[in-house]
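Examining the three-dimensional arrangement
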2 protein chains.
Amino acid sequence: MSEASASPVFDRAAIAGVGLIGGSVALGLRQRLLARHVIGYDASVEVLREAEALGVVDEVQTSPGEWLRGCDLVVLAAPMSALAPLARALAPWLSPGALVTDVGSVKAGIAAELEALGVRGFVPGHPMAGSERGGVTHAHAGLLENAVWVLTPTDHTPLTALSRARALVEGLGAAPVVMPPDAHDALVATVSHLPYLVSLALTHMVARDERLSLLAAGGFRDLTRVASGDPRMSRDMVVENRAALRDALARFRRQLERLEADLEQPGELLMAASEGKRTRDSLPVVRRSLLPPKHDLVVAVPDKPNQIGVVTQALGAAGLNIKDIEVLAIREEGGALRLGLESAEDVRRAAALLRAAGFEVRGRG
Amino acid sequence: MSEASASPVFDRAAIAGVGLIGGSVALGLRQRLLARHVIGYDASVEVLREAEALGVVDEVQTSPGEWLRGCDLVVLAAPMSALAPLARALAPWLSPGALVTDVGSVKAGIAAELEALGVRGFVPGHPMAGSERGGVTHAHAGLLENAVWVLTPTDHTPLTALSRARALVEGLGAAPVVMPPDAHDALVATVSHLPYLVSLALTHMVARDERLSLLAAGGFRDLTRVASGDPRMSRDMVVENRAALRDALARFRRQLERLEADLEQPGELLMAASEGKRTRDSLPVVRRSLLPPKHDLVVAVPDKPNQIGVVTQALGAAGLNIKDIEVLAIREEGGALRLGLESAEDVRRAAALLRAAGFEVRGRG
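Residues numbered from 1 in each chain as written. Chains lettered and ligands numbered in written order. Predicted model: local features only at pLDDT ≥ 70, side-chain atom pairs only at ≥ 80, totals over all residues. Heavy atoms only, no water.

1. Let's talk about the relation of the copies chain A and chain B
Threshold: Superposition of the copies was done by least squares, using only C-alpha atoms of residues whose pLDDT is at least 70 in both. Contacts are assigned to residue pairs with any non-hydrogen atoms lying within 4.5 Å of each other.
Mapping chain A onto chain B leaves a residual RMSD of 0.1 Å; the transformation is a rotation of 180 degrees accompanied by 0.0 Å of translation along its axis. As the rotation angle and translation indicate, the two copies are arranged about a two-fold axis. Scanning chain A for the C-alpha nearest the rotation axis identifies A:L223, at a separation of 2.1 Å. In this assembly the copies share their binding face: 99% of the residues contributing to the interface of chain A also contribute to that of chain B.

Below you can see the structure in the form of structure tokens.
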């Protein structure tokens, strides 16, 4: 995936907006020898000074100008609400041959915007990576490695631009997934923006009620976790994608109405519940890696002190690598740990080891 | 909480339905010396034989009869769909002075049922404890310790019966919470049954679509986790509580409609998002213990092998007890671990220790 040979070499790259993502792209371009010279452009002089001090960029610019004409790669990496104004400011200076891309999490609007601006070499993009620790100080090339990076060409996107964008993404160690802007926006509306709004609605239902929080078990906490993300970022995403989100809301309401109707038809509801379980259990675990840790082990832990420590230390001592760990929060699963290991063989070894230590174990190696 | 002195002593206790909960109550009654003689009654002879072999009960009965008249405690512990028929079968034999309670997860129906049967000493109950490993083989007294155990007296419940039920719950090491049946059913509809239906609806939206599961990040997995619980148990709960669930659904729809309308009023939506975050962040972590682990530590883990092992082993080696651990699944929080420790002092020690080991740490001791 990251063979320099398979990578395009850009001569001069401009990173417009040197934050967590922009900075990580800049570092990736330099560390993986994808660009000979990386220029950072940002509205904030402090940010540029920091980027230079951290060696994220070779050169900084504080305003658009002639320097852009020499860039054969331009990455728009400002916060989503600032992307369109940024594009308008840079458009007059862009070289016709430059590959231009962005990193916004909603695509249809920005795609139309740059088409209207007549930027031919634009390929809208969405690297599905991030961190709760923002800013260029936390930027690192590894942030983008193995991340799904959606590219959303339009009918007017030149195929040469798309193939260069795909090579750029692969060169940075990420996994390109190509689909039209509307398809992308509909998908993220369903898997990301609708769940956020649902989570927010559920959260508001328990506001200012102590009795509710006493009874709120793991299930409720799971369903409202995304509501504790950054309010402004979440707000900007759902507002920008409100058209697709409304469609998703309509489909969600129909599903919910069908289930409510099934409350009078227990047989139907049982089938719906069973189908739901099958679907949920078949969802891949998508974390930093595209390879889901299929090698899971569930360990029943008695209600005694430091059981998590005992389990993890036993595996660590045996040289077994714990890729993922989860305290199963559904109340019915009480004191149980899910461990993600590297291989079926590791699962077998860990299971034997933990059983010998007196733990009850269920594995799917 | 579990002082034998504070406990009532029952002479003969009948456990009707010797499964995970019934068996755990029986074991608690015997181990905590709350009852002199515990009789197990179940429809299944195999279950009774197992209960006897495991020493869960002193005596078994396969059908209602004279033996019930001598019991001063009767616990109805059958699956929810079987509770009413069970109550009708036992009612004719119950002593007027007996304390009768049940363990169903929905209360209004069973409360009315036993009132209609004229069982005066009945106190409806709901121990909020369970395990994914059902049956008497997995029963243990510890299952009920520190669990919230809701008692839902009606206007006709004798106060003496309520105080005996409260003493029973405390004697078993659980925490009694008293409220009317309707209030209980409304609360669990909001925090448990509505979230289940919402989760099921979301799950159905991604059925048979590989692209969706590729993009489904931690947030979506969190919101659909409860949909992977046992379909029949979940179905029975929501059907039994459908009246309260419909009210919760109506309130949920109003919340969702308000948020959808706010998509046109970004200012309003930002306020709603911020209030939601405040509410969610103030939810206590309710697991087996009523004391939420407030002493959390968030550790940023680089994308390298066995980082979870390195962290947990470092704390274990220092004698620090990890009460809870969570891989923060929100994509924005990438490689971060949340550790629940025992005290602010432990958080300070762990933070110092991990920083010395080169980890980035944020604590709230």
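2. Topic: the sheet that holds strand 9 (residues 175–178) of chain A
All names here are of chain A. Condition: Should DSSP find at least two bridges between two strands, the strands are regarded as paired. Working definition: helices are DSSP H or I runs of at least four residues, strands are E runs of at least two. Numbering for both runs from the N terminus. For helices, the axis comes from a line fit to the C-alpha atoms of the stretch in contact; other axes are also lines fit to C-alpha atoms, and the angle between any two N-to-C directions lies between 0 and 180 degrees.
Pairing is mixed in the open sheet, where three strands are placed in the order 7-8-9. Of all strands in the sheet, those with a lone pairing partner are strand 7 (125–127) and strand 9, marking the two edges. Sheet twist, expressed as the average angle between the axes of neighbouring strands with direction ignored, equals 20 degrees. Looking at chain direction, strand 7 and strand 8 (residues 148–151) are connected through three bridges and run antiparallel. Looking across to strand 8, one finds that G125 is bridged to L151. In this fold helix 5 (residues 159–171) packs onto strand 8 and strand 9, with an angle of close to 150 degrees to the strand it touches most, strand 9.

3. Brief notes about the interface of chain A and chain B
As a reminder, the rule being used: In this description, buried area is defined as the sum, over both parts, of the accessible area (probe of 1.4 Å) that is lost when the two are combined. Think of a salt bridge as a Lys or Arg side-chain nitrogen and an Asp or Glu carboxyl oxygen that are within 4 Å of each other. What qualifies as a polar contact is a pair of N or O atoms within 3.5 Å, subject to a donor-acceptor requirement within protein and to the restriction that residues adjacent in sequence count only when both atoms come from side chains.
Contact with chain A, which involves 116 residues of that partner, is made by 115 residues of chain B. Buried area between chain A and chain B, both sides added, is near 11600 Å², and the carbon and sulfur share of it is 64%. Counting the contacts that link chain A with chain B gives eight salt bridges. Salt-bridge contacts for B:R242 lead to A:E264; the nearest nitrogen and oxygen are separated by 3.4 Å. At the surface where chain A touches chain B, the tally comes to 15 residue pairs in polar contact (both at pLDDT 80 or more). If you tally residues by element for the side of chain A that touches chain B, the top one is helix 6 (residues 181–205) of chain A, at 17 residues.

4. Let's talk about the side chain of B:T101
With respect to the element layout, B:T101 can be found in strand 5 (residues 99–102). Leave out the neighbours within four places in its chain, and B:T101 touches B:V74, B:V75, B:L76, B:F122, B:V123, B:P124, B:G125 and B:L168.

5. Here's the deal with the nonpolar core
The test is simple: Among buried residues, the Ala, Val, Leu, Ile, Met, Phe, Trp, Tyr and Cys ones that are joined through side-chain atoms within 4.5 Å form a nonpolar core. Residue burial is assigned from relative accessible area. The probe radius is 1.4 Å, only protein chains are included, and a residue is buried under 20% of its type maximum, exposed over 50%, and partly exposed in between.
Counting residues in each nonpolar core, the largest one holds 79 residues, and the members touching the most others are A:V198, A:F252, B:V198 and B:F252. Sorting elements by how many residues they give to this core places helix 6 of chain A first, with 13 residues. Aside from chain neighbours lying at most four places away, what touches B:F252 is A:V198, A:A201, A:L202, A:M205, A:F252, A:L256, B:L194 and B:V198.

6. Points about the environment of A:L20
All names here are of chain A. Structurally, L20 can be placed in helix 1 (residues 20–31). On the basis of relative accessible area, L20 is assigned to the buried category, the value being 11%. Considering only alpha carbons, one finds L20 and G130, 110 residues apart in sequence, at a separation of 7.7 Å.

7. As for the sheet that holds strand 8 (residues 148–151) of chain B
All names here are of chain B. The three strands are arranged 7-8-9 in an open sheet whose pairing can be described as mixed. Of all the strands in the sheet, the pair left with one neighbour each is strand 7 (125–127) and strand 9 (175–178). For this sheet, the mean angle separating the axes of adjacent strands, direction not counted, is 20 degrees. Summarising the sheet, strand 8 and strand 9 pair through four bridges and their orientation is parallel.

8. Concerning helix 9 (residues 231–240) of chain B
Where helix 9 of chain B is concerned, the buried positions are B:P231, B:S234, B:R235, B:M237, B:V238 and B:V239. Turning to helix 9 of chain B, the residues buried within the fold contact helix 11 (266–281) of chain A together with helix 3 (80–90), helix 6 (181–205) and helix 10 (242–262) of chain B.

9. Some thoughts on the side chain of B:D102
All names here are of chain B. By the element assignment, D102 lies in strand 5. Separated by 3.2 Å, the side chain of D102 and the backbone nitrogen of G104 make a polar contact. Within polar-contact distance, the side chain of D102 engages the backbone nitrogen of G125 at 3.0 Å. Beyond its immediate sequence surroundings of up to four residues, D102 is in contact with L76, L83, K107, I110, F122, V123, P124, G125 and H126.

10. Overview of the pairing of strand 2 (residues 35–41) of chain A
Residue and element names in this part refer to chain A. How we decide: Note on handedness: a clockwise path from strand one over the helix to strand two, with the strands aimed away from the viewer, defines a right-handed crossover.
With five of seven residues buried, strand 2 is to be regarded as a mostly interior element. Note: strand 1 (residues 10–16) against strand 2, six bridges, orientation parallel. Bridge pairing in strand 2 places A13 opposite V38. Note that the unit made of strand 1, helix 1 and strand 2 has a crossover that is right-handed.

11. Focus on the packing of aromatic side chains
Heads up, the condition is: Pairing of aromatic rings covers Phe, Tyr and the six-membered ring of Trp, with a centre-to-centre limit of 6.5 Å; geometry is then stacked below 30 degrees between planes, edge-to-face above 60, and tilted otherwise.
Enumeration according to the criterion identifies three aromatic pairs over all chains in this entry. Ring plane angle 45 degrees and centroid distance 6.1 Å describe the contact between A:Y41 and A:W67, whose orientation is recorded as tilted. A residue pair is termed long-range when its members are at least 10 positions apart, and A:Y41 in strand 2 and A:W67 in the loop between strand 3 (59–61) and strand 4 (73–76) qualify at 26 residues. Neither residue differs from the other here; A:Y41 and A:W67 are each classed as buried. Judged by centre distance (6.3 Å) and plane angle (75 degrees), the ring pair of A:F252 and B:F252 falls under edge-to-face. Pair noted here: A:F252 is in helix 10 (residues 242–262) and B:F252 is in helix 10, and the two residues belong to different chains. A single burial state applies to A:F252 and to B:F252, both of which are buried.

12. Considering the pattern of salt bridges
For the structure on display, the rule yields 27 salt bridges over all chains. B:E59 is the salt-bridge partner of B:R12, the closest N and O atoms lying 3.5 Å from each other. In this pair, B:R12 sits in strand 1 (residues 10–16) while B:E59 sits in strand 3 (residues 59–61), placing the two residues 47 residues apart along the sequence. On the accessibility criterion, B:R12 (26% relative accessible area) is partly exposed. One network of salt bridges, in which partners are shared, links A:R242, A:R246, A:R253, B:E260 and B:E264.

Purely geometric numbers; function is a separate question.
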